[in-house]
Each structure stands twice: as C-alpha cells, then as structure tokens.
Amino acid sequence: MNLLGLYNYWVYLFLLLVGMYTVFAKNNYVKRLIGLSIFQSAVFLLFISMDKVAGGTGPIFTGNPVTDAVFANPLPQVLILTAIVVGIAGTALGLAITVRIREEYGSIEESDIRKMDDQS
Amino acid sequence: MMSLYDQLPILVITLPLLAAPVVAVLPGRGKLPWLFATIASALTFLIAISLACRVMENGTIPYLLGNWEAPYGIVLSIGPLSVLMAIVISGASLAGLFVSLGGMDKEVPPPHQPLLYACWLLVMAGLIGIVTTGDAFNVFVFMEVSSLASYVMVANGPNRQALPASFKYLVTGTFGATFYLIGVGYLYMMTGTLNMADLSARLADVADTMPVLIAGGFLMLGLGMKGALFPMHAWMPNAYQFAPSPVAAFFAACSTKVPLFVMVRVLYEIVGHHLGSYGELLSGMMMTLSVIAFIVGSLIAIYSEDLKRVLGYSSVAQIGYMVLGICLGTSAGLTAASIHMFNHALMKAALFAAVAAVVVRTGSSKIEDLAGIGKKMPLTMLGFALAGLSLIGVPLTAGFISKWYLIKAILEIGPLGIFLTILILLSSLMAVVYIWKVIEVAYFKPTKIEIPDARTEAPVSILIVLWILVLANFWFGIDPEFVLSLARSEAVDVLGVSK
C-alpha cells in the first residue's frame, strides 16, 4: 500500500480529528461551530476523493455522444453538494442560536453559562 | 391510470412538507396556522393508516420516484415497520398539536407560533421520509430536514436554558448525521450504489472486509447518537426538559425511535449479514451499551428532580430495551423491539401530555412543586398514574405486552438470557420507584402552592388527548393484534423466517 498515494485520505483523517478535537475541547460556542464545520468538510473531502478516476476529466456533458471518455463519477459530487447545503444550514442555525445565547446570557463561553444556570 | 391512491406513498411525505411553508405565512396569531397544521397532520395520519391496510394485505409497497427504475432512481420502500412508524409519527404529531391547543400560548408567544408549527410539520415530513425511503443517502437528507427543524423547536422553549440545550442537541445531532454519512460513504466506495436492496445484494461480494466493518461501525455510531443510546444520550433529557411541553410530547413519542428504525434497516437489510465474524462483535457491543442504558437511565431517573427530566431519562432506559431487542438478531427480538417502539410512543405521549397539562396550570415541572396536585387536577394525575403503570409494565397495559415479548425473546438465547431478564426486571422496579415518587408528592403531600387560576383542571383539549392515549395504552395491552401482526410480518420480511 502506497502511503503517499492515499494523501487525500490522510488529510481527511487529520481534518476529521481536528474538527472533533475542537468541538470537544473548546469552551467558546463559535469556536465549537468552526470545529463542527471542519469536521463536516473532512467528510466532503472523503466523498470527493473517492469519485476521482485516474486520468479522468470532470463529468461535464458536452453534447457530443462520448463512448470512450474517462471522467470522474458525478454521483458523489452531487451528494456532497447536498451535504454542503445541509452543513451550511446547520452552521447558520448554530450561529443564530449563539446570537440568542449571547442576548440572553451576555456570554458565549460554556463555562460562564453553566455557572449562571447553576446559580438560578 | 395513475390514481391518487397509487400516489399515497409519496403524499405521506409531501403533504406535510408542502403544508409547512403555507403554515409559516398564515395570519391569525397561531390559531389559523394551528388549524392548518392539525388538518395536515390528520390527513397524513389517515394516509398512514390506509398504507398500513395495504401493507397488511399485499406486503411491502415499492414506489418509484419519477418512475425511474431502481437502482438508478430513488425508491420508497414501505414495509410493515415503516407504516407502523409512520402511524406513530403522524399520530404523535396529531396528539402533540392538540396538546398545543391548550398549552402552547403559555410557553411560546403567539407571534412565534406560525413558524413553530411550520417547523413542526417539517419534523414530521423528515421523520416519515426516513422511515419510508429505500435509499441510504436519502435517509441522511431527511434526517437533517427533521433535525434542523427540531433544533429550532427546542430553542423556542420558555426558559433561556433552552438555548444551550438546543445548541448541545445541534452539535450531537450534526455529529450523528455526519458519522452516518461517513458510513454511507464507505458503503458507496465498496459497492457503487445507494439503494438499500441493491447495497445488500452487492455487499455479498465484498462481505467480511474491513471497509464494510468500518462502515457498519460508523453507521451504528451515528444512529446511536441520533437515537440517544447510552452513552450518547446527554442531549436528550436536556432537550426534552427545556423544549415547550407540547413539543416535548411530540418528540418523546417519535423522534428517537426513528434512528432505531434505521438501525433495524442497517443491521438486518444492509450490512448485517455481510460482517462475517465481526457481526457478533458489533451486536455484542450494542447489547452491552443497551443494558447499561436501561440500568443507568432508570437510576438517574430516580434521582432527577424535574418531572420532564425523569421522563427523559426513562426514555434513555426504554431506548435500551428497544436496542437490546434489535441486537438479539432473532425474529422474536425484532418483533419485541418493533412492538415496544409503538407502545413506548403511546405511554410517553400520554405522560408528556399530562406534564404539559401540569405546566399549563402551575408553570412548573419540578416534582417538589407538584405537592397536592392530585387533588387539584384529579383527571390529569389519574391519567399520569395509569400511563405510568403502562411504563412500568403492569399486566393489561401496552407496556406489559412489550416487556413480555422482550423477555420471551431474551430467554430464547440461553443462560445469558436469564441474567438479562433479571436486569430488565430490576430496571422495571426502578421505574416503579420513579413513578411512585411523583405519585407520592402529587397525592400524599399537603398542597404548598396556590394555583392562581380558579379552574384547576387542565384545558379540555389536553385532557381529551391524554385520556385517548391512556385508553389506547389499555386497548393495545388487551388486544395487541394490530401491532403484533405488523411487527411479525416485518420480522418475516427481513429475516425470511415464518414464525
């Protein structure tokens, strides 16, 4: 197995772990959302890497009937397009909730908010 | 040629999906949107029942979206368990909406209500989509549709603590869905297809390989997070406690069961048979977690001080029973799990309806604030007590039927089964303790709080729903034939054994 040949998958793994670490280790809600986005991007990279065909072009239909062209698999790209949209919606919602938390508590640090909740 | 009747399988998803934006823009400070959402839910409920009749007669209904042949197009595949879940989801939505009629104004300001009801319908559409689709990636999309709307609904809770609770739910939910997506990715790498039936057939060629095992692990992890399986349950009691009470009634009845349904599909119809020697390892791990779930869940429920939290942790325990049934891998186990999914929805919806009634009148769900409430709201608390009996599993209630079938399934697996049975009985005893704790305070403690309102009994709409659900608990405890036949034919469908 060629370790360097799997370069994309190493990056995928690295981003996955960076994202997870950020979500669990950070105290600040915005930073945690950034971690969540990195985590999701890693998965996008996984899907995009798997559809690449060596020597293939982009899967663009030119109008001419092609029989022997080599092109990347379009399906994972479409799936990831959907997943990106879902990811953006999630991030936007998370940020909106963060804004509301800031309005109600005056802070977006989880430790501060825990303290306030324990007192009430 | 194409009559409306043939299109029912897709209408059950699109009806609430299309009704949602209409509800969002309707005027009327919550009343007109409520009416519209209720009509949409009721129609969906009727469609689900008519689909159930069709499935009972003719078996699984395949439906080709846009008439594209599988596996190139997306198919809906509506089996016996799908219709059972669709009935649970739309029924829970209908019950929750009637609870909202009496209970929502107190917790959510009327101008926010149209958007809340729009989210409500989106949750319902998403959940029904998950249980009806036959495409692995579609499950992810519907999961996110329902989850994103759920986060909004939880964040609308009256207390500011709803916001961090919703954030926690969002982070866990997104993790869960993304893990599921990774699992689907590995399966796609190995097979080049997303159609569940096709996946199962093509996985046979690559059975017992590492990527398939990893895919199975990621799928289970993601679904476990979504379904609040111990130890990934932390979001759930929080979300139920701080969400508006009618929303909690809706969610408690159906939202955590839908990921378990996907678990059934993954374990039995997709990767289950192709894991080789690892299959037992995976189901063994899940079984261990489920046993810890019902012991720890019941234990924490005993020590919780908020009524909604007690019920939330009790749900963690009940999820444990269901996962245990699913992971037994036998026809009896799957039947027991399917029955419990239905029965648990009945009891939890009833219990949360009673809690919503209490919150409307007293403004609190802390157990210590409920002293003497049994005398102030006799009908509500009697309903709570009877639904509690069902949760414990007293004979003649739906809960008894679930436990009976679960224990019967467990005893089939040999000596380990006896040990597990003792643990289940122990967990049921703990359920007696936490339900009794509430009853004791409600009936036998002197009244502390003064309820300002002259009317002390709950609003009529909540009472009606509560008592219909309580009676349904007894009905399905005495005559469980409808649920049983669907659960059994699901087991026959996926395991290929008649019993």
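These figures come from a predicted structure and were not determined experimentally. (Residues numbered from 1 in each chain as written. Chains lettered and ligands numbered in written order. Predicted model: local features only at pLDDT ≥ 70, side-chain atom pairs only at ≥ 80, totals over all residues. Heavy atoms only, no water.)

## Some details on the overall build of chain A
No. 1: Looking only at helices and strands, chain A has four helices and zero strands in total.
No. 2: When its helices and strands are written in sequence order, chain A yields α-α-α-α.
No. 3: Taken over the C-alpha trace, chain A has a radius of gyration of 20 Å; the compact-globule value for 120 residues is 14 Å, which it surpasses by more than 25%.
No. 4: When burial is assessed residue by residue, chain A has 35% of its 120 residues classed as buried.
No. 5: In chain A, the share of contacts with a sequence separation of at least 24, taken over all contacts with a separation of at least 6, comes to 52%.
No. 6: When the accessible surface of chain A is totalled, it reaches about 7,400 Å², and 66% of it is carbon and sulfur. (Helix = DSSP H or I, 4+ residues; strand = E, 2+ residues; numbered from the N terminus. Rg over C-alpha atoms; globule rule 2.2 N^0.38 Å. Buried < 20%, exposed > 50% of the residue type's maximum accessible area, 1.4 Å probe, protein only. Contact = heavy atoms within 4.5 Å. Areas by Shrake-Rupley, 256 points an atom, 1.4 Å probe, with all protein chains shown as cover.)

## With respect to the overall build of chain B
No. 1: For chain B, the count of helices and strands is 20 helices and two strands.
No. 2: Against the 2.2 N^0.38 benchmark of 23 Å for 499 residues, chain B shows a C-alpha radius of gyration of 21 Å, consistent with a compact globule.
No. 3: With the C-alpha coordinates aligned to their principal axes, the bounding extent of chain B is approximately 70 × 55 × 40 Å.
No. 4: For chain B, buried positions account for 65% of its 499 residues.
No. 5: When contacts within chain B are restricted to residue pairs at least 6 apart in sequence, long-range pairs at least 24 apart make up 80% of them.

## A closer look at unusual backbone geometry
All names here are of chain B.
No. 1: P231 follows F230 through a cis peptide bond whose omega is 0°.
No. 2: Residue position: P231 is located in the loop between α8 (210–226) and α9 (235–242).
No. 3: The backbone of A228 sits at a positive phi, close to 60°, despite the residue not being glycine.
No. 4: Given a relative accessible area of 0%, A228 falls into the buried group.
No. 5: Phi angles above zero are rare outside glycine, and L396 is one such case at about 80°.
No. 6: Within the secondary structure, L396 sits in the loop between α16 (378–392) and α17 (398–411).

## Observations regarding helix α19 (residues 460–478) of chain B
Residues and elements named next belong to chain B.
No. 1: The terminal C-alpha atoms of α19 lie 27 Å apart, and with 19 residues this matches the ideal 27 Å at 1.5 Å per residue to within 8%.
No. 2: Where α19 is concerned, the buried positions are S461, I462, L463, V465, L466, L469, V470, A472, N473, F476 and G477.
No. 3: Each element contacted by the buried residues of α19 is listed here: α3 (80–107), α14 (331–362), α16, α17 and α20 (481–495). (Expected span 1.5 Å × (residues − 1).)

## Comments concerning the interface of chain B and chain A
No. 1: Across the contact, 26 residues belong to chain B and 35 residues belong to chain A.
No. 2: In this structure, the connection of chain B to chain A is made through zero salt bridges.
No. 3: Where chain B meets chain A, there are four residue pairs in polar contact (both at pLDDT 80 or more).
No. 4: Elements with a minimum of two residues in the side of chain B that touches chain A: α5 (136–155) and α6 (162–191) of chain B.
No. 5: Looking at which element gives the most residues to the side of chain B that touches chain A, the answer is α6 of chain B, with 16 residues.
No. 6: The residue makeup of the side of chain B that touches chain A, split by class, is 19 nonpolar, five polar and two charged. (Salt bridge = Lys/Arg side-chain N within 4 Å of Asp/Glu carboxyl O. Polar contact = N/O pair within 3.5 Å; in protein donor to acceptor, adjacent residues only side chain to side chain. Nonpolar A, V, L, I, M, F, W, Y, C, P; charged D, E, K, R; others polar.)

## Some words on the environment of E104 of chain A
No. 1: Along the chain, E104 of chain A falls in helix α3 (residues 74–105).
No. 2: Setting aside residues no more than four positions away along its own chain, E104 of chain A makes contact with R160 and L163 of chain B.

## Details of the packing of aromatic side chains
Centre distance and the angle of the planes are the two values used to describe a pair of aromatic rings.
No. 1: Within this structure, the stated rule accounts for 20 aromatic pairs over all chains.
No. 2: Between the aromatic rings of Y443 of chain B and F444 of chain B, the centroid separation amounts to 6.5 Å while the plane-to-plane angle is 55°, which identifies the pairing as tilted.
No. 3: On the basis of relative accessibility, which here comes to 24%, the residue Y443 of chain B falls in the partly exposed class.
No. 4: Here F444 of chain B falls in the exposed class, since its relative accessible area comes to 59%.
No. 5: A connected cluster of aromatic rings, assembled from ring pairs, spans F24 and F39 of chain A together with F175, F179, Y186 and F218 of chain B.
No. 6: Sitting above the plane of the Y5 of chain B ring, R54 of chain B keeps its charged end 4.4 Å from the centroid.
No. 7: If you follow R160 of chain B out to its NZ or CZ, it ends over the ring of Y105 of chain A, 4.2 Å from the centre. (Phe/Tyr/Trp six-rings, centres within 6.5 Å; stacked < 30°, edge-to-face > 60°. Lys NZ or Arg CZ within 6 Å of the ring centre and 35° of its normal.)

## Observations concerning the environment of G96 of chain B
Residues and elements named next belong to chain B.
No. 1: Residue placement: G96 occurs in helix α3.
No. 2: Residue classification places G96 among the buried positions, given a relative accessible area of 2%.
No. 3: Taking the C-alpha atoms as reference points, G96 and G383, separated by 287 residues in sequence, lie 16 Å from one another.
No. 4: In this view, G96 contacts W120 and P246; residues no more than four positions away in its chain are not counted.

## Let's talk about the confidence of the model for chain B
No. 1: The pLDDT averaged across chain B works out to 88; a share of 97% of its residues lies at or above 70.
No. 2: The complex prediction reports pTM at 0.93, with the ipTM value standing at 0.93. (pLDDT = per-residue confidence, 0-100.)

## What about the nonpolar core?
Across soluble globular proteins, nonpolar side chains have a tendency to be buried as a group.
All names here are of chain B.
No. 1: Counting 227 residues, the largest nonpolar core has F140, M153, Y180, I182, F250, F294 and F384 as the members making the most contacts within it.
No. 2: By residue number, the principal contributor to this core is α14, which donates 22 residues.
No. 3: If we skip the residues at most four places from it in the chain, F294 touches A317, G320, Y321, L324, L423, I424 and S427. (Core = buried A, V, L, I, M, F, W, Y, C linked by side-chain atoms within 4.5 Å.)

## Details of the confidence of the model for chain A
No. 1: Confidence along chain A averages 87 in pLDDT terms, with 97% of residues attaining 70 or more.
No. 2: Across chain A, helix α2 (residues 29–50) of chain A holds the top mean pLDDT of 93, while helix α4 (residues 110–119) of chain A sits lowest at 87.

## Notes on the packing of α14 of chain B against α16 of chain B
Residue and element names in this part refer to chain B.
No. 1: Where α14 contacts α16, the axes come no closer than 9 Å and their chain directions differ by 155°. By the angle between their directions, the pair α14 and α16 is classed as roughly antiparallel. Taken as a pair, α14 and α16 cross one another with a handedness that is left-handed. Of the residues in α16, those in contact with M347, K348, A350, L351, A354, V355, A357 and V358 of α14 are T380, M381, F384, A387, G388, S390 and L391. (Axes fitted to C-alpha atoms, helices over the stretch in contact; angles between N-to-C directions. Parallel < 35°, antiparallel > 145°, perpendicular 65-115°, else oblique. Left-handed = near helix turned anticlockwise from the far one by under 90°.)

## Focus: the pairing of strand β1 (residues 61–64) of chain B
Residues and elements named next belong to chain B.
No. 1: Burial along β1 is one-sided: I61 and Y63 are buried, while P62 and L64, pointing the other way, are not.
No. 2: Bridge count between β1 and strand β2 (residues 75–78): four bridges; the pairing is antiparallel. Each residue of the ladder has a partner; that of P62, found in β2, is S77. (Pairing = 2+ DSSP bridges.)

## Notes on the packing of α2 of chain A against α6 of chain B
No. 1: Look at α2 of chain A against α6 of chain B: their axes get within 10 Å of each other, and the N-to-C directions meet at 10°. When the interaxial angle is binned, α2 of chain A and α6 of chain B end up roughly parallel.

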